[in-house]
Structure formats: structure tokens, C-alpha cells
Amino acid sequence: MARYAMVNSEGVVENVCEWNGDTTTWQPPEGITMVEIEDEFVTAELGGKYKDGVFSFAERESVSEEGQE
């Protein structure tokens, strides 16, 4: 089994899973590309981007201290 990122057509990571890569037993949903995460130190996270063979983290909105009550 290997780790895969499920990447949509816009390059956004929709999910991360373990899969054996066997498309005869399971096919990814239409519009999803399965990208094997070959390096154990690479992190693919939900909402992150995948472009040109590189995963990047999702952009986060900052919350000010005033907004935390």
C-alpha cells in the first residue's frame, strides 16, 4: 500500500488515502487524479494545492485576538 492524494481538476487536494494503485479493483471518481506521495516526509493536506509535482499547504485565514472570545 502507498499513500495517495486525491487531486481535483483545479489542483486542490480533496483527500489523502492509502491505496494499492490497482485500478482494476477501484477507480477514482471522475475528475480526480491519484498522485502517489512517494516521499514519507512530504505532506499533502486537504485543501492544499498540487502543481508541477509539488504539494503546498492550504492558505489559512488569520484570526485576530479580538475575534477570539
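Going by the structure above, here's the rest.
All of the points below concern the structure found in this document.

Focus on the overall build of the protein
Across its full length, the protein holds zero helices and five strands. Reading the secondary structure of the protein in the N-to-C direction produces β-β-β-β-β. If you take every contact in the protein between residues at least 6 apart in sequence, the share linking residues at least 24 apart comes to 45%. Roughly 5600 Å² of accessible area belongs to the protein as shown, and the carbon and sulfur atoms make up 45% of that amount.

Re the packing of aromatic side chains
Here the structure, examined in full by the defined rule, presents three aromatic pairs. Look at Y4 and W19: their rings are 5.0 Å apart centre to centre, the planes differ by 65 degrees, and that puts the pair in the edge-to-face class. Remark: W19 occurs in strand β2 (residues 13–19) and Y4 occurs in strand β1 (residues 2–7); sequence separation between them is 15 residues. Across the pair, exposure class does not vary: Y4 and W19 are buried alike.

Description of a negative patch on the surface
Together, E36, E38, D39 and E40 make up a negatively charged patch on the protein surface. Positionally, E36 belongs in strand β3 (residues 33–36).

Focus: the side chain of N8
The topology assignment puts N8 in the loop between β1 and β2. Engagement of the side chain of N8 in a polar contact is seen with the side chain of E14, the distance being 3.0 Å. Setting aside chain neighbours within four positions, we find N8 in contact with E14, G31 and I32.

About the thresholds
Residues numbered from 1 in each chain as written. Predicted model: local features only at pLDDT ≥ 70, side-chain atom pairs only at ≥ 80, totals over all residues. Heavy atoms only, no water. Helix = DSSP H or I, 4+ residues; strand = E, 2+ residues; numbered from the N terminus. Contact = heavy atoms within 4.5 Å. Areas by Shrake-Rupley, 256 points an atom, 1.4 Å probe, with all protein chains shown as cover. Phe/Tyr/Trp six-rings, centres within 6.5 Å; stacked < 30°, edge-to-face > 60°. Buried < 20%, exposed > 50% of the residue type's maximum accessible area, 1.4 Å probe, protein only. Patch = residues over 30% accessible without salt bridge, like charges linked within 9 Å, V, L, I, M, F, W, Y side chains within 5 Å. Salt bridge = Lys/Arg side-chain N within 4 Å of Asp/Glu carboxyl O. Lys, Arg positive; Asp, Glu negative; His and termini not counted. Charge placed at Lys NZ, Arg CZ, Asp CG, Glu CD. Polar contact = N/O pair within 3.5 Å; in protein donor to acceptor, adjacent residues only side chain to side chain.

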